[in-house]
Amino acid sequence: MFSFKVPTFPSAGVPAAMVLAATLLGATPAMAAQLKVVATTEDLASLAREVGGDKVSVVGLAKGYQDPHYVDPKPSFIFEVSRADLLIVVGRELEIGWLPPLINSSRNAKIQVGANGYLDASLTVKIMEIPTGQITRAMGDVHPQGNPHYWLDPENGRRIALAIKNKLTQLDPADKATFDARYADFDKRLAEAEKRWDATMAPYKGTKIVSFHRSWPNFVDRFGLNVVAYVEPKPGIPPSPAHTIDVIGEMKAQGVKLIIVEPYFDLKTPKAIAAQVGGTVLVLAPSVGGQKDASDYIKLFDYNVGTIAAALKQITGK
Ligand SMILES: [Zn+2]
C-alpha cells in the first residue's frame, strides 16, 4: 500500500527534486512549502508573519503580557520547538531562564544553537546599554549583554525582518520572490508609519519620564524622550523602599510627571510614587499582545506612541 506523508518538508537539506516529486504526487504546493517557525516572543512572531506570509506557519511562545525574562514554559512549547524548521530568539540572554531546557528537550537538531534553523535576532540590530565593566548575573542584573528589549525601535524591527527574510530564503529558496516582495511591502508600510509616529511625538522631544523596568531605551532614543529613573533598583530587582524614595526625589527635582509600566508589574509602587509627585502612571505594551490593540508589530507602536503622546499632551499642555 502506498502511503505518503507531507509534514516535514521542505526544510534545509531536502533536495528540490524531492519537493517537486512530492508536488507531482499530489501535495498542494502551498502546504508543501510551509516552514514551521517558532519565535520566542510575539514581536518576532509578528515580524516572521509579515515576511513569511502563507509560506510559513508561525507560533510565538511568550505572550506579550508576560515578562519575557521569566516565562513559565508550557508542555506545548516542547512540542512546538520539536517540530520547528526555524527557531527565532531575542538573544542577549533575555530567554536564558527558560529557553535552553526547551531546546534540549526538543531533540530537534535543526534548531540547536548554531544550526541552520536557529536565528538570533539580536545579531544585526542596534543594542544599547552594553556594559563596559565586569557585569555578572550575581549582581542581580538581567541585562548582562546589553539591553535585550531592542525590538522597541522600528529601525531594529526593520533589521530583524530583513534577517528573517534572509533566513527564510536560505531555508526555502523556492519562495525567495515571495519573501522579497513581502519584506519590501513591510518596509514601505513601516516607513509610512514612522512618519506618522515622528509627527505625533515631535512636540514632546526631550520630555523626561520614569519607567518601571529598563524596557524602553531603544524606544525613547528613537522618539526623543529621556528616562531619568527606574522603579526597579536594577533590571530584575523589585522596588525597595530606599530606592523608591530616591525615585520620588529625582522626579520632584526634575519635574517628571509620567511613569510608564509594563503590564506584568505590580502597580502599587508606581502609584505610590505618582501620588507623591502629582504624576501619572501609564501601562504600555512592551510587546505585541501586551495590550489588546497592540496586535501586530506596527500596531504595537501605534498603541504606545498614541497612548504616551495622549498622556504627555495632558501633562505638558502641548
Ligand atoms: Zn529586561
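Note that the structure is predicted; figures quoted are calculated from it, not measured. (Residues numbered from 1 in each chain as written. Predicted model: local features only at pLDDT ≥ 70, side-chain atom pairs only at ≥ 80, totals over all residues. Heavy atoms only, no water.)

1. Section: the overall build of the protein
Then step 1. The helix and strand tally for the protein stands at 11 helices and 8 strands.
Then step 2. When each of the 318 residues of the protein is scored for burial, the buried share is 50%.
Then step 3. Long-range contacts, defined here as pairs at least 24 residues apart, represent 63% of the contacts in the protein between residues at least 6 apart. (Helix = DSSP H or I, 4+ residues; strand = E, 2+ residues; numbered from the N terminus. Buried < 20%, exposed > 50% of the residue type's maximum accessible area, 1.4 Å probe, protein only. Contact = heavy atoms within 4.5 Å.)

2. Observations concerning the nonpolar core
Then step 1. Formed by 59 residues in total, the largest nonpolar core has its most connected members in Ile88, Ile160, Ile164, Leu168 and Ile308.
Then step 2. No other element matches helix α11 (residues 297–316), which puts 10 residues into this core.
Then step 3. Ignoring anything within four residues of it in the chain, the contact list for Ile308 reads Met201, Ile209, Leu225, Leu258, Ile260, Leu282 and Leu284.
Then step 4. If you look at the next biggest cluster of nonpolar residues, it comprises 15 residues, including Leu61, Leu87, Val89 and Leu102. (Core = buried A, V, L, I, M, F, W, Y, C linked by side-chain atoms within 4.5 Å.)

3. Regarding the packing of helix α7 (residues 176–201) against α11
Then step 1. In contact at an axis separation of 10 Å, α7 and α11 are set at 5° when each is read in the N-to-C sense. It follows from the interaxial angle that α7 and α11 lie roughly parallel. On α11, the residues touching Phe186, Arg189, Leu190, Ala193, Arg196, Trp197, Thr200 and Met201 of α7 are Tyr297, Ile298, Phe301, Asp302, Val305, Ile308 and Ala309.
Then step 2. Partitioned by chemical class, the residues of the contact of α7 with α11 number 11 nonpolar, 1 polar and 3 charged. (Axes fitted to C-alpha atoms, helices over the stretch in contact; angles between N-to-C directions. Parallel < 35°, antiparallel > 145°, perpendicular 65-115°, else oblique. Nonpolar A, V, L, I, M, F, W, Y, C, P; charged D, E, K, R; others polar.)

4. Describing the confidence of the model for the protein
Then step 1. Looking at the protein, the pLDDT average stands at 91 and 88% of residues meet or exceed 70.
Then step 2. Below a pLDDT of 50 lies the segment residues 1–15, which in the model reaches 22 contacts outside its immediate sequence neighbourhood of four places, other chains included.
Then step 3. This stretch, residues 17–30, has a pLDDT under 50; its non-local contacts, to residues over four places away or in other chains, come to 11 contacts. (pLDDT = per-residue confidence, 0-100.)

5. Considering the sheet that holds strand β8 (residues 280–283)
Then step 1. Across the sheet, 4 strands lie side by side as β6-β5-β7-β8; this open sheet has parallel pairing. Both edges of this open sheet fall to β6 (226–230) and β8, since each of them pairs with a single strand only. Averaged over all adjacent pairs, the angle separating strand axes in this sheet is 35°, with direction ignored.
Then step 2. Docked against the sheet, helix α9 (residues 241–254) engages β5 (208–211), β6 and β7 (258–261), running at close to 150° with respect to β6. (Pairing = 2+ DSSP bridges.)

6. Some words on the pairing of β6
Then step 1. Judged from the 4 bridges that link them, β5 and β6 form a sheet pairing that is parallel. Pairing of Ser211 across the sheet is with Tyr230, part of β6.
Then step 2. Read from β5 through helix α8 (residues 217–223) to β6, the crossover connection turns out right-handed. (Right-handed = clockwise from strand over helix to strand, strands pointing away.)

7. Notes on the coordination of the zinc ion
Then step 1. Binding of the zinc ion to the protein goes through His69 (NE2), His143 (NE2), His149 (NE2) and His213 (NE2), at separations of 1.9 to 2.0 Å.
Then step 2. Here the zinc ion binds 4 donor atoms, and the angle range of 106 to 114° at the metal identifies the geometry as tetrahedral.
Then step 3. In primary sequence terms, the donor set of the zinc ion follows H-x73-H-x5-H-x63-H. Of the two residues, His69 is situated in the loop between β2 (56–62) and α4 (75–82) and His213 in the loop between β5 and α8; the sequence distance between them amounts to 144 residues.
Then step 4. Classification of His213 by relative accessible area gives buried; the value is 2%. (Donors = N, O, S within 2.8 Å, 3.2 Å for Na, K, Ca; no water. Tetrahedral: all angles 85-135°; square planar, octahedral: opposite > 155°, others 65-115°.)

8. A word on the sheet that holds strand β1 (residues 35–41)
Then step 1. Read across the open sheet, the 4 strands follow the order β2-β1-β3-β4; overall the sheet is parallel. Across the chains shown, the open sheet's two edge strands, defined by having one partner strand only, are β2 and β4 (118–120). Ignoring which end each strand starts from, the neighbouring axes of this sheet average 20° apart.
Then step 2. Here β1 pairs with β2 via 6 bridges, running parallel. Residue Ala39 lies in a different strand from β2, and its bridge partner there is Gly60.
Then step 3. Here helix α3 (residues 42–52) sits on the sheet in contact with β1, β2 and β3 (86–89), set at roughly 170° to β2.

9. Observations concerning the packing of helix α6 (residues 154–171) against α7
Geometry of a packed helix pair, given as the angle between the helix axes and the separation of the axes.
Then step 1. The interhelical angle for the contact between α6 and α7, taken along N-to-C directions, is 175°, at an axis separation of 10 Å. Taken together, α6 and α7 sit at an angle that is classed as roughly antiparallel. Touching Pro154, Glu155, Gly157, Arg158, Ala161, Leu162, Lys165, Leu168 and Thr169 of α6 are Lys176, Phe179, Asp180, Tyr183, Phe186, Asp187, Leu190, Ala191, Glu194 and Trp197, all from α7.
Then step 2. Residue composition of the contact of α6 with α7, by class: 10 nonpolar, 2 polar and 7 charged.

10. Looking at the packing of aromatic side chains
Aromatic rings considered in pairs are described by the distance between their centres and by the relative angle of their planes.
Then step 1. One pass over the full model with this rule turns up 9 aromatic pairs.
Then step 2. On the numbers, 4.2 Å between centres and 10° between planes, the contact of Phe212 with Phe265 is stacked. Of this pair, Phe212 sits in the loop between β5 and α8 while Phe265 sits in the loop between β7 and α10 (268–277), and the two are 53 residues apart along the sequence. Across the pair, Phe265 and Phe212 agree in class, each one buried.
Then step 3. Where Phe219 meets Phe223, the ring centres are 5.0 Å apart and the plane angle is 55°; that geometry is what we call tilted. In this pair, Phe219 and Phe223 are both assigned in helix α8, 4 residues apart and thus about one turn of the helix distant. (Phe/Tyr/Trp six-rings, centres within 6.5 Å; stacked < 30°, edge-to-face > 60°.)

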